[in-house]
Amino acid sequence: MSKRTIFLITTLMALALLGVIFLQINLIRTGMEVNEQRYDEALQDALNKVARELEIRELAKFNALTNGYSSRDLPSSIGGGELSRPLQRPGLLGGTGSLADLTPAQILFYATDLDERIDRESMDKELRTEFANADLKGDIEYGVYDAKKEEFIIRNGRRLSEMGSDTARHIDLLRSSNRVPLYDVDGETPGYLMAYSPRKDSVILNTILNNLLASLLFIAIILGCFVYTIYVILFQKKLSEMKTDFINNMTHEFKTPIATISLATDSINSPKVSGDPEKVRRFARIIKQENKRMNDQVEKVLQMAKLDKNKLNLNLTEVDVNDLVIEAGEYIRLQVEPREGSVVVLADADPSTIQADETHIASLINNLLDNANKYSPEAPEIIVSTRNVASGIEITIQDHGLGMSREARKNIFDRFYRVHTGDRHDVKGFGLGLSYVKTITEVHGGSIQVKSELGKGSSFIVTLPYTQNL
């Protein structure tokens, strides 16, 4: 799959996911707005019902007053005050008429202060009943505002003192849009009944909480699947490239010895060579050497196949790590010295014996030394050392070669991965060596870490325990 195709698929999936998230957010916001509107309407209806009930109760009191007075019998404090001007009868429940139609007792009733006209206990009980009937959850604050005095006189069923009635103390109620006029008389309102819920937002949120959580869950699942899909696509692309590189390398690794064997066979069959026993032995050695080289390469692939299928059986014995390191150092020195390089072996571990599979540990050390040689420029300098640590024996293979980038250090233990060497094309291999090293280390209960900088070389540190926990 090309990079362009992957980019196109990723872009389309990202746009689709963003579209789904946008639609979900829009639906949630719309749901909250609708629920908020319903909440406000229910609260307003509850206030209207209680205000109407107060008016009905006051009208009943009016009707209970006796008719034995005329407006001329009013006390001077009322007759000469605000009520002395021509007034229409208060329009309670749609009533009409003039002030002259009212008895003095009724007019005296109208002159009473607003807080004395309201039965606080009854109003509080009726409000709470209406709030409950309307299923208005959360604590609801309410209060009565005296328009004439410009202050609150009642809050939550309690009469407020002069200090406590200051509007600054009740600015929350004053700002509420949920209010109804009380005892409205021809457009003149002596006061208002106001209410609001401090927890309205959380109450509204709770109404859609299940849908919100479900939406977040599904979005998280989709997002997780999206990220995982992209990861799989990129990983498969990377794996495909590494396998292609592996096949190319394997073809090259096998092609060279096959060609050499073919040439050696043809030479042996030549009359000039077949009659010379020394030349025949020489070409026979070449055939044997190249055949061994191919067998080694095949063995590496088979080893990784066994590890893949968990068929690795360790043949545990007492292994002297110092001996393995010294032997491996001698072997790699034969390849390094012709390039004017050097190998230093520092076998300082004492005790140096561990419980391990000698064949695999020897292969592990040889793989690391082979890498140090391959990824070093001319005249490689390799240092192999052992030392005792708390958890076992530590083996360090250090070189002053090409080094690795941060990205390479993250991937070097992946199967088929090979560090890019820039313009150098002489570094051979399948990309299996370090994957094998890591697997063998972990199978033995050990650990491996790498330290490297570009242009300054690399250090591989393998720690193996003294004994195995079987």
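Let me sum up the structure you'll find in this document. (Residues numbered from 1 in each chain as written. Predicted model: local features only at pLDDT ≥ 70, side-chain atom pairs only at ≥ 80, totals over all residues. Heavy atoms only, no water.)

## Structural notes on the overall build of the protein chain
The cut-off we apply is this: A helix here means a DSSP run of H or I that spans at least four residues, while a strand means a run of E at least two residues long, and both kinds are numbered starting from the N terminus. When checking whether two residues touch, look at their non-hydrogen atoms; a contact exists if any pair is within 4.5 Å. Computed with the Shrake-Rupley method and a 1.4 Å probe, the accessible areas treat only the protein chains shown as cover for residues.
Counting its secondary structure elements, the protein chain contains 14 helices and twelve strands. Restricting to contacts in the protein chain with at least 6 residues of sequence separation, those with at least 24 account for 69%. Carbon and sulfur atoms make up 53% of the accessible area of the protein chain, which amounts to about 27700 Å² in all.

## Points about the pattern of salt bridges
Stated formally: Only one rule defines a salt bridge in this text: a Lys or Arg side-chain nitrogen within 4 Å of an Asp or Glu carboxyl oxygen. Relative accessibility under 20% of the residue-type maximum defines a buried residue, over 50% an exposed one, and the middle range a partly exposed one, all with a 1.4 Å probe and only protein chains included.
Scanning all chains against the criterion turns up 15 salt bridges. Notably, a salt bridge pairs Glu126 with Arg57, separated by 2.2 Å at the nearest N-O pair. Of this pair, Glu126 sits in helix H5 (residues 120-133) while Arg57 is found in helix H1 (residues 3-64), placing the two residues 69 residues apart along the sequence. Put simply, Glu278 and Arg281 hold a salt bridge, and the shortest N to O gap is 2.9 Å. Of this pair, Glu278 and Arg281 both sit in helix H10 (residues 277-308), separated by three residues, roughly a single helical turn. Looking at Glu278, the relative accessible area reads 44%, which means it is partly exposed. Taking relative accessible area as the criterion, Arg281 reaches 45% and is therefore assigned partly exposed. Three or more residues joined by partner-sharing salt bridges are found here, namely Glu36, Asp40 and Lys200.

## Looking at the environment of Ala379
Mapping Ala379 onto the fold places it in the loop between helix H12 (358-374) and strand S9 (381-389). Separated by 39 residues in the primary sequence, Ala379 and Glu340 have C-alpha atoms spaced 4.8 Å apart. In this view, Ala379 contacts Arg339, Glu340 and Gly341; residues no more than four positions away in its chain are not counted.

## Points about the packing of H12 against helix H14 (residues 433-443)
Any two packed helices are characterised by the angle at which their axes cross and by the distance between the axes. Rules: Fitted lines through C-alpha atoms serve as axes, helices being fitted only where they are in contact, and the angles separating the N-to-C directions of these axes extend from 0 to 180 degrees. In this scheme the crossing of two helices becomes right-handed for a clockwise turn of the near helix relative to the far one and left-handed for an anticlockwise turn of less than a right angle. The residue classification treats Ala, Val, Leu, Ile, Met, Phe, Trp, Tyr, Cys and Pro as nonpolar and Asp, Glu, Lys and Arg as charged. All others, Gly included, are polar.
Between H12 and H14, whose axes approach to 9 Å, the crossing angle comes to 145°. At the point where H12 passes H14, the crossing takes the left-handed sense. Every residue of H14 that contacts H12 at His360, Ile361, Ser363, Leu364, Asn367, Leu368 and Asn371 is listed here: Gly433, Leu434, Tyr436, Val437, Ile440 and Thr441. Its residues assigned to classes, the contact of H12 with H14 comprises seven nonpolar, six polar and no charged.

## Details of a nonpolar patch on the surface
Selection rule: Without a salt bridge and with relative accessible area above 30%, a residue can belong to a patch; like charges are then joined within 9 Å and nonpolar side chains (Val, Leu, Ile, Met, Phe, Trp, Tyr) within 5 Å.
Among the surface-exposed residues, Leu205, Leu209, Leu213 and Leu216 lie close enough to one another that they form a single nonpolar patch of about 320 Å² accessible area. With three residues, the single largest contributor to the nonpolar patch is helix H8 (residues 209-269). Residue position: Leu213 is located in helix H8.

## Here we look at the sheet that holds strand S2 (residues 151-155)
Our working definition: Two strands qualify as a pair provided that DSSP identifies no fewer than 2 bridges between them.
Spatial strand order, S3-S2-S1-S5-S4: five strands in an open sheet with antiparallel pairing. Each edge of the open sheet is held by one strand with a lone partner, namely strand S3 (158-159) and strand S4 (179-182). Across the sheet, H5 is in contact with strand S1 (141-146), S2, S3 and strand S5 (191-196); its angle to S1 comes to roughly 140°.

## Topic: the side chain of Glu394
Note the threshold: Any pair of nitrogen or oxygen atoms within 3.5 Å is treated as a polar contact; in protein, a donor-acceptor pairing is required on top of that, and neighbouring residues in sequence qualify only through side-chain atoms on both sides.
Structurally, Glu394 is set in strand S10 (residues 392-399). On the basis of relative accessible area, Glu394 is assigned to the buried category, the value being 11%. For Glu394, the side chain forms a polar contact with the side chain of Arg387, separated by 2.8 Å. In contact with Glu394, not counting residues within four places along its chain, are Ser385, Thr386, Arg387, Val389, Ile461, Val462 and Thr463.

## Focus: H12
The following threshold applies: Every helix has an expected span of 1.5 Å times one less than the residues it contains.
Compared with the 24 Å implied by 1.5 Å per residue over 17 residues, the 24 Å span of H12 between its first and last C-alpha is a close match. Every buried residue belonging to H12 is among His360, Ile361, Ser363, Leu364, Ile365, Asn367, Leu368, Leu369, Asn371, Ala372 and Asn373, and all of these are buried. One side-chain oxygen of the residue at the start of H12 lies 3.1 Å from the amide nitrogen of Thr359, identifying that residue as Asp357.

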